[in-house]
Each structure stands twice: as structure tokens, then as C-alpha cells.
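Residue-level structure breakdown
In case you want the letters, here they are:
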Amino acid sequence: QVQLVESGGGLVQPGGSLRLSCAASGSIDTRYNMDWYRQAPGKERELVASLFLSGVTNYAGSVKGRFTISTNNTKNMLYLEMNSLKPEDTAVYYCYQRLKTTPLGDVRSYWGQGTQVTVSS
């Protein structure tokens, strides 16, 4: 069983930076895509950044140029570097991964429990 655990959230002033981490425990064979989502109070969960097996990355327009998604495959880690943070970035941030735990296994989706990011002066 794979578990995803986010960390690194907190309170930061506008213009500040945070680095979120997502640690995947359990046996992982192949990670097909790794995403960061966020959900602000009263809003739907939205996709923030994606990193595919091919190495291609995609970003929501609202964070492009400010956020960077990356991974350390040897440690099964996923990161989100967030710079020039704005109050509208305030949300719970979730890690999501589609992966296989064995070479012949099914591709399954996993979510972390979320980490709160608050941008406020």
C-alpha cells in the first residue's frame, strides 16, 4: 500500500517562498504522473502543477513562472517550490500520483492528506 505524506506548508508573507514536499512510502515501480492540487475555502480543488514520466511539466496559468515542480525518483519524493507567493495562493495543497507498485500491476491513483499554505501579512 502506498501512502503520500505532504509537508512544508505554513504561514508566509506575500512575496515569500515555501517548498512543499510529498513523500511516497511503500513499494513503487513506475510513477506515471505526479501532480500538486490545491483547494481554497469555498472553492473547488484545482490542478496547480503536473510532472509526467516523460519529464514534461505543466502549470496552471496563475502559478506559471512562480512555482516549480520537481522530483527525486530515487527517494520517491515530489516537491513544489513556490516563490513570489500571493494571498490568493492560500489553500490546502495536495499531492497526487498515478503509479504502479509492481511491473504487471494496475495503475492506481493516490492522494496525500494535504498541507495548509497561508499567505498573509
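The shown structure was predicted, so the numbers you read here are calculated from the model rather than taken from an experiment.

The next thing to look at is the pattern of salt bridges. Scanning all chains against the criterion turns up four salt bridges. The shortest N-O distance in the salt bridge between Arg 19 and Glu 81 comes to 3.7 Å. Residue Arg 19 is located in strand 3 (residues 18-25), and its partner Glu 81 is located in strand 8 (residues 77-82); the two are separated by 62 residues in the primary sequence. Relative accessible area serves as the criterion here: at 46%, Arg 19 is assigned to the partly exposed category. Since its relative accessible area comes to 30%, Glu 81 is described here as partly exposed. The residue Glu 46 makes a salt bridge to Arg 38 at a minimum N-O spacing of 2.6 Å.

For Ser 84, which is not a glycine, the phi torsion comes out positive at approximately 50 degrees. Note that Ser 84 resides in the loop between strand 8 and strand 9 (91-100).

Here the focus is the environment of Pro 14. Within the secondary structure, Pro 14 sits in the loop between strand 2 (10-12) and strand 3. Judged by relative accessible area, Pro 14 falls into the partly exposed class, the value being 41%. Each C-alpha atom of the pair Pro 14 and Arg 108 lies 37 Å from the other, and the pair is 94 residues apart in sequence. Not counting residues up to four positions away in its chain, the partners in contact with Pro 14 are Leu 85, Pro 87, Val 119, Ser 120 and Ser 121.

For strand 9, the buried fraction is high: eight of the ten residues fall into the buried class. In this structure, strand 4 (residues 30-39) lies alongside strand 9, joined through nine bridges in antiparallel fashion. Its bridge partner lying in strand 9, Met 34 is registered against Gln 97. Summarising the sheet, strand 9 and strand 11 (residues 115-119) pair through three bridges and their orientation is antiparallel. Bridge pairing in strand 11 links Tyr 93 to Thr 115. Taken together, the four bridges between strand 9 and strand 10 (residues 108-111) define a ladder with antiparallel strand orientation. Its bridge partner being in strand 10, Leu 99 is matched across the sheet by Arg 108.

On to the environment of Thr 57. Inspection of the secondary structure puts Thr 57 in strand 6 (residues 57-59). For Thr 57, a relative accessible area of 32% corresponds to the partly exposed category. Each C-alpha atom, one on Thr 57 and one on Asn 33, is 9.6 Å from the other, the two residues being 24 residues apart in sequence. Those residues in contact with Thr 57 that sit more than four places away from it in its chain are Ser 50, Leu 51 and Ile 69.

Conventions adopted
- Counting restarts for each chain, with residues numbered from 1 along the sequence as it is written.
- The model is predicted, so local features are restricted to residues of pLDDT at least 70 and side-chain atom pairs to those at 80 or more, both for listing and for counting; the totals for chains, interfaces and linings are taken over all residues.
- Only hydrogens and water are set aside; all other atoms, that is, all heavy atoms of the structure, feed into the side-chain values.
- Salt bridges are defined as contacts in which a side-chain nitrogen from Lys or Arg sits within 4 Å of a carboxyl oxygen from Asp or Glu.
- For helices the rule is a DSSP run of H or I covering at least 4 residues; for strands it is a run of E covering at least 2, with both sets numbered from the N terminus onward.
- Each residue is assigned to one of three classes by its accessible area relative to the maximum for its type, calculated with a 1.4 Å probe on protein chains only: buried under 20%, partly exposed between the two thresholds, exposed over 50%.
- Contacts between residues were defined by any pair of non-hydrogen atoms, one from each residue, lying within 4.5 Å.
- Here a strand pair is declared whenever DSSP counts at least two bridges between the two strands.

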